[in-house]
There are 2 protein chains.
Amino acid sequence: MALRDTLEFLLYDWLDAEALTRRPRHADHSRETFNAVLETAERIAREKFAPFNRLVDSDEPRFDGEKVILPRATYEAREAYAASGLLSAAQDYAIGGMQLPFLLESAANTFFAKASVSIGANMLTSGNANLLMAHGSALQQTVFAHNAFNGRFTGTMCLSEPQAGSSLSDVATRATPDGEDYESEPLGPRYRLRGHKMWISAGDHELAENIVHLVLAKIPDARGQLVPGVKGLSLFIVPKHLVDVHGQLTGERNDVALAGLNHKLGWRGTTNTLLNFGEGRYPVRGAAGAIGYRVGAPGDGLRLMFHMMNEARIAIGMAATMLGYAGYEASLEYAKVRPQGRLPGAAGKNAAMPQVPIIAHADVRRMLLAQKAYAEGALALNLLAARLVDEQHTGAPAGADDARLLLEVLTPIAKSWPSEWCLEANSLAIQVHGGYGYTRDFPVEQYWRDNRLNMIHEGTHGIQANDLLGRKVRMEGGRGLQLLTARIQSTVRRASDHAALQPWARQLEQAWQQVLQATEQAWQWAQVEGSPTRTLANAVPYMQAFGHGVLAWIWLDVATVAQAAAAQSTAAQGRLACTRYFFHYELPKIGAWLQVVAQGDTTCIDVPLEAF
Amino acid sequence: MALRDTLEFLLYDWLDAEALTRRPRHADHSRETFNAVLETAERIAREKFAPFNRLVDSDEPRFDGEKVILPRATYEAREAYAASGLLSAAQDYAIGGMQLPFLLESAANTFFAKASVSIGANMLTSGNANLLMAHGSALQQTVFAHNAFNGRFTGTMCLSEPQAGSSLSDVATRATPDGEDYESEPLGPRYRLRGHKMWISAGDHELAENIVHLVLAKIPDARGQLVPGVKGLSLFIVPKHLVDVHGQLTGERNDVALAGLNHKLGWRGTTNTLLNFGEGRYPVRGAAGAIGYRVGAPGDGLRLMFHMMNEARIAIGMAATMLGYAGYEASLEYAKVRPQGRLPGAAGKNAAMPQVPIIAHADVRRMLLAQKAYAEGALALNLLAARLVDEQHTGAPAGADDARLLLEVLTPIAKSWPSEWCLEANSLAIQVHGGYGYTRDFPVEQYWRDNRLNMIHEGTHGIQANDLLGRKVRMEGGRGLQLLTARIQSTVRRASDHAALQPWARQLEQAWQQVLQATEQAWQWAQVEGSPTRTLANAVPYMQAFGHGVLAWIWLDVATVAQAAAAQSTAAQGRLACTRYFFHYELPKIGAWLQVVAQGDTTCIDVPLEAF
């Protein structure tokens with residue numbers, strides 16, 4: 001199936017996107033306007049992104065001492081993207097937006113992620129501006145966010161430091177009030193920042209007039225000490241070039257300097273940088289430090305940043321998904337045209353017969369079906385997550401709160417599951433290509449390299465797993481997990497009405513019961529031991545099982561919709577085949593993962609350090 | 001543990017390598033001479049290979065129109081390797097060899113694979129020469145094999161063609177008798193070859209005086225037709241430069257031309273080439289075609305080539321293993337020195353406390369222990385395979401024949417299991433490094449890229465799986481599988497004598513029973529259906545389960561030796577931790593794989609083509 005068809009099925013037949021047009025905010029929209037957006041996105045991605053995906057990989061960003069050099073195609077791709085209005089698609093009409101549901105914005109962005117995941121860093125620009133729309137002052141919104149939506153500025157998120165990647169409590173960037181009048185600055189309380197930020201995507205380039213950094217830093221206490229822990233973190237806007245209250249550049253370069261470009265395994269279309277804040281490379285307004293404007297209250301930085309991080313995590317999940325999808329498409333096309341070998345059995349062994357296309361081989365079909373089940377399943381999950389964002393923003397209050405909480409529980413899965421399994425899909429795409437897949441003459445090796453990042457950035461697999469087992473399944477008295485369980489049970493009930501789906505419904509019910517039991521058993525170990533060490537020791541296997549349970553639910557739910565059309569539609573047959581694949585080949589894997597969780601297995605923590 | 005210590009444990013404590021010195025062929029050897037070889041290998045690998053592993057990756061081979069350009073370090077590494085005598089380590093004293101057991105030769109080569117898997121293509125040179133020692137004429141041995149062992153020539157294996165990778169019956173390279181006197185050629189019946197060979201490793205370079213290609217081609221029948229199928233294949237020696245009967249170059253360039261270098265994802269220290277045979281680029285001796293000398297009888301080519309392929313498959317397994325080992329070492333070192341975060345629980349959460357090295361985190365320990373279990377387990381398996389080669393060559397007749405057959409069954413696992421799981425180990429090594437692992441400032445991303453080749457070359461995963469389930473477990477009336485089962489039962493019995501190992505012994509016994517049952521059930525489907533299609537549809541999941549069963553056996557067997565020293569030795573504790581990890585985290589995975597095999601699951605073959 002073409003991506004467009006898969007999207008339309010998921011949006012309209014499965015997620016009832018048209019229901020959103022009955023909400024006041026989206027009342028001007030219709031299936032036709034939604035489709036027009038998809039069509040625009042598909043066209044720009046095809047014309048301006050896809051043809052240059054290999055180029056941005058081989059023509060890695062470089063720094064000439066003054067400026068970052070990127071291929072010309074990157075500029076043109078960004079211009080076309082900004083000109084399409086997609087940067088502000090979900091924003092109010094009043095500020096030039098389209099008031100599109102987030103679901104549609106997400107669906108439109110899949111085309112770009114599939115065409116070239118690394119050309120655009122637009123996801124960070126939107127996330128950055130969305131954070132300011134939620135938590136910034138009115139002037140911060142008009143000066144910084146609106147100019148991100150209209151394409152003049154780009155945005156970053158600056159959390160990690162060289163000594164503190166996953167451990168934000170150890171952030172050492174300092175922000176001190178800039179003069180006695182620091183609070184009277186119209187753009188927000190003005191500070192001077194000094195420190196180093198690592199792994200900053202799109203941290204420096206010439207793609208736009210300005211770069212708006214959102215920076216986590218600590219305000220020293222009265223004795224000049226930084227408050228330990230994440231409670232000491234505050235959030236600051238630090239523009240590369242200073243601007244006035246109208247958003248015009250003042251001509252002053254702020255003291256944010258590129259300290260180095262990271263040379264990565266993949267995802268090379270976007271710069272990834274080490275930035276020095278306030279090191280004196282660009283002294284500004286006669287004092288030391290980069291100028292930054294505080295957003296929100298002191299000490300509230302991490303909470304605000306999570307607004308952006310949660311969005312980014314879902315976007316990473318979608319990026320991983322679309323890389324998986326791209327590899328699936330490429331290897332499917334190859335498998336249909338590449339002749340090789342003959343089928344087993346007497347007739348097939350006749351070497352005088354012509355060779356068959358490799359898609360005729362059972363094992364190649366297995367590798368294709370696995371990719372399809374991984375990528376389309378992950379796509380459904382991520383679109384469901386986007387649909388929950390809409391529910392949270394424009395749904396009725398009770399449903400909106402449920403959606404918020406359900407999203408909290410699903411976010412670690414929406415991020416981690418595609419990162420792991422669509423990477424596996426990309427490896428299978430290489431395998432389908434045989435030796436050719438290992439060369440740079442075919443696109444699949446790049447997809448695989450690009451995708452390897454997704455288990456690392458925006459919170460590693462380990463961080464996601466701790467978040468899921470350590471926090472999300474227990475937050476608000478476990479109500480998020482209960483909501484998810486209720487949804488799963490509802491799918492099980494609906495599936496039980498169809499004879500063909502009944503065995504899978506029973507299988508899912510039992511599997512989810514196992515997940516719930518393991519969750520309880522895992523936390524019983526914490527009571528026994530008086531510490532969560534043993535519980536969290538197997539957080540990753542737990543997340544893997546939980547994720548497979550969620551995806552089995554997604555596929556069964558998709559199947560309840562697809563089964564009605566199965567007789568006439570090959571697309572529906574494909575979806576049912578994925579469901580069958582997932583229940584036969586994938587879901588049975590959870591037993592091995594949950595066993596160590598339930599038993600509080602201490603194998604890994606027991607090994608003496610010297611025994612490694 | 002340093003590799004050297006692990007090797008010594010496996011060689012002497014586990015595989016009783018010293019027993020080999022009691023055989024006439026190795027009577028001059030002792031543990032001391034063995035260790036001297038290991039020491040030499042370790043030193044050359046450290047000095048001449050390891051420092052250049054990144055260089056050969058970034059300075060990819062290129063062709064200037066005349067010659068292939070490789071980094072200077074590649075020449076020096078090869079010279080040092082050849083000068084060490086390792087190319088002929090296992091050969092007779094009479095031809096300059098050391099009469100070293102194959103086990104020791106394999107162990108010595110691990111250092112090079114770990115230091116830089118792609119600098120040397122020595123494995124192919126040895127394999128090529130070994131084939132000639134087994135099947136070539138006396139003159140072919142002295143002219144081609146001896147000059148490979150002494151370092152003057154290098155060797156290749158030329159099987160695949162652009163239209164025939166995994167399907168050798170479709171080889172289209174033609175070999176026609178060269179003149180009426182073609183049979184009187186002292187170097188072997190002389191033919192003219194025309195065709196294209198793809199994926200030829202070390203297919204062109206200037207590293208040695210000459211390159212000896214071993215080429216599969218078809219001799220046309222009386223009507224000029226090629227015999228379909230593999231029965232039509234014959235084997236030919238095709239040197240790049242022609243030589244006289246004394247092995248001296250005659251000054252005539254043979255018509256073997258480099259048609260192109262493949263630009264690969266990794267493994268870039270070795271050229272990988274498309275070669276044109278007899279296309280007229282280098283016309284030779286006034287007729288068309290590249291000159292080649294037949295080895296063995298017409299039509300016997302594939303059987304002879306398997307001599308080299310089996311060796312190459314085990315060598316690939318070892319290469320994959322050592323990449324896994326290299327990543328394990330690198331990430332272990334990093335995990336010990338990189339501070340990040342604090343332990344869970346009240347005390348750990350105190351942000352004023354210093355950060356801990358990441359090896360303190362349970363999930364990092366899990367990733368390290370998994371790597372250790374994969375890489376050291378695979379190393380043990382591959383050394384066991386090498387030990388079986390020795391048994392086959394120098395053991396008493398009955399044991400030698402058992403060793404031959406056991407090796408037949410284990411070869412697909414020795415090749416496929418490390419290719420899959422040591423690749424996973426490399427991915428975990430990246431994950432332990434976090435963002436740094438995704439940059440080219442650390443070696444682990446290259447290990448991961450290099451390792452991705454191993455599931456493809458020398459027979460893909462799918463080919464290995466068909467070989468295992470379709471042929472090896474049934475050959476000679478299933479006696480190979482029975483031999484393996486007997487070995488496993490013997491380990492189970494020995495392990496049952498130790499209280500600490502009893503539960504694992506029972507677990508292995510049951511797991512292996514499942515593998516045996518699934519084998520039978522799989523073949524019952526062939527009887528039901530009258531064709532092996534359904535049986536072989538799940539050959540890869542079968543091989544995955546079989547492989548995990550074999551590795552559980554290896555680890556339990558290692559544990560029976562290690563457990564005696566567990567009280568005093570941290571190395572022994574590490575081995576027991578790996579065994580525990582493997583039985584708790586890995587072996588339970590086989591259930592999901594075997595289920596589809598036993599049920600003859602047809603999900604993948606049932607999908608209509610249009611439904612993908």
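Keep in mind that what you see is a predicted model, and the values were worked out from it rather than measured. (Residues numbered from 1 in each chain as written. Chains lettered and ligands numbered in written order. Predicted model: local features only at pLDDT ≥ 70, side-chain atom pairs only at ≥ 80, totals over all residues. Heavy atoms only, no water.)

**Let's talk about the overall build of chain A**
Tallying secondary structure elements over chain A gives 19 helices and 12 strands in all. Rg of the C-alpha trace for chain A: 25 Å, near the compact-globule value of 25 Å for 612 residues, within the 12% margin. Taken over 612 residues, chain A has a buried fraction of 65%. Long-range pairs, those at least 24 residues apart, make up 75% of the contacts in chain A with a sequence separation of at least 6. For chain A, the accessible area works out to roughly 20,600 Å², and carbon and sulfur atoms hold 52% of it. For chain A, the distance from the average position of its 57 positive side-chain charges to the average position of its 62 negative side-chain charges is 3 Å. (Helix = DSSP H or I, 4+ residues; strand = E, 2+ residues; numbered from the N terminus. Rg over C-alpha atoms; globule rule 2.2 N^0.38 Å. Buried < 20%, exposed > 50% of the residue type's maximum accessible area, 1.4 Å probe, protein only. Contact = heavy atoms within 4.5 Å. Areas by Shrake-Rupley, 256 points an atom, 1.4 Å probe, with all protein chains shown as cover. Lys, Arg positive; Asp, Glu negative; His and termini not counted. Charge placed at Lys NZ, Arg CZ, Asp CG, Glu CD.)

**Focus on the confidence of the model for chain A**
Summing up the model confidence of chain A, the mean pLDDT is 96 and the portion of residues at 70 or higher is 99%. For this predicted complex, the interface confidence reaches an ipTM of 0.97, while the overall pTM sits at 0.97. (pLDDT = per-residue confidence, 0-100.)

**Some details on the UniProt feature "domain: Acetyl-CoA dehydrogenase-like C-terminal" (unreviewed entry) in chain A**
With numbering aligned to this structure, UniProt lists the feature "domain: Acetyl-CoA dehydrogenase-like C-terminal" (unreviewed entry) at residues 485-607 of chain A. Each end of residues 485-607 of chain A is marked by a C-alpha atom, and these two atoms are 36 Å apart; helix forms 80% of the span and strand 0%. (UniProt positions renumbered as here; feature names shortened; annotations may be inferred.)

**Side note on the relation of the copies chain A and chain B**
Take chain A, turn it by 180°, move it 0.0 Å along the axis, and it overlays chain B with an RMSD of 0.0 Å. Read as a symmetry element, the transformation amounts to a two-fold axis. Taking C-alpha positions as reference, the residue of chain A nearest the rotation axis is K589 of chain A, located at 3.2 Å. (Least-squares fit on C-alpha atoms with pLDDT ≥ 70 in both.)

**Overview of the domain arrangement of chain A**
All names here are of chain A. Each domain of chain A was delimited in the assignment, giving domain 1 (1-120), domain 2 (154-298), domain 3 (300-459) and domain 4 (471-612). For the pair domain 1 and domain 3, the summed buried surface comes to about 2,400 Å²; carbon and sulfur atoms form 60% of the total. The interface formed by domain 1 and domain 3 contains 4 salt bridges. Where K114 meets E329, a salt bridge forms, and the shortest distance between an N and an O atom there is 2.9 Å. (Domains from an automatic or database assignment. Buried area = accessible area lost by both parts, 1.4 Å probe. Salt bridge = Lys/Arg side-chain N within 4 Å of Asp/Glu carboxyl O.)

**What about the pattern of salt bridges?**
All names here are of chain A. With the rule as written, the count across this model stands at 88 salt bridges over all chains. We note a salt bridge from E206 to K240, for which the minimum N-O separation is 3.6 Å. Of this pair, E206 sits in the loop between strand 5 (190-201) and strand 6 (210-218) while K240 sits in the loop between strand 7 (233-239) and strand 8 (241-243), and the two are 34 residues apart along the sequence. Relative accessible area serves as the criterion here: at 30%, E206 is assigned to the partly exposed category. Assessed through its relative accessible area of 5%, K240 is described here as buried.

**So, the environment of N53 of chain B**
Residue and element names in this part refer to chain B. For N53, the location among the structural elements is in helix 3 (residues 53-58). Among the residues examined, N53 registers a relative accessible area of 7% and is labelled buried. Counting along the chain gives 214 residues from N53 to W267, while the straight-line C-alpha distance between them is 9.8 Å. N53 has contacts with A115, S116, V117, Q446 and Y447, leaving out every residue within four places of it along the chain. A distance of 2.7 Å separates a polar atom in the side chain of N53 from a polar atom in the side chain of S116. (Polar contact = N/O pair within 3.5 Å; in protein donor to acceptor, adjacent residues only side chain to side chain.)

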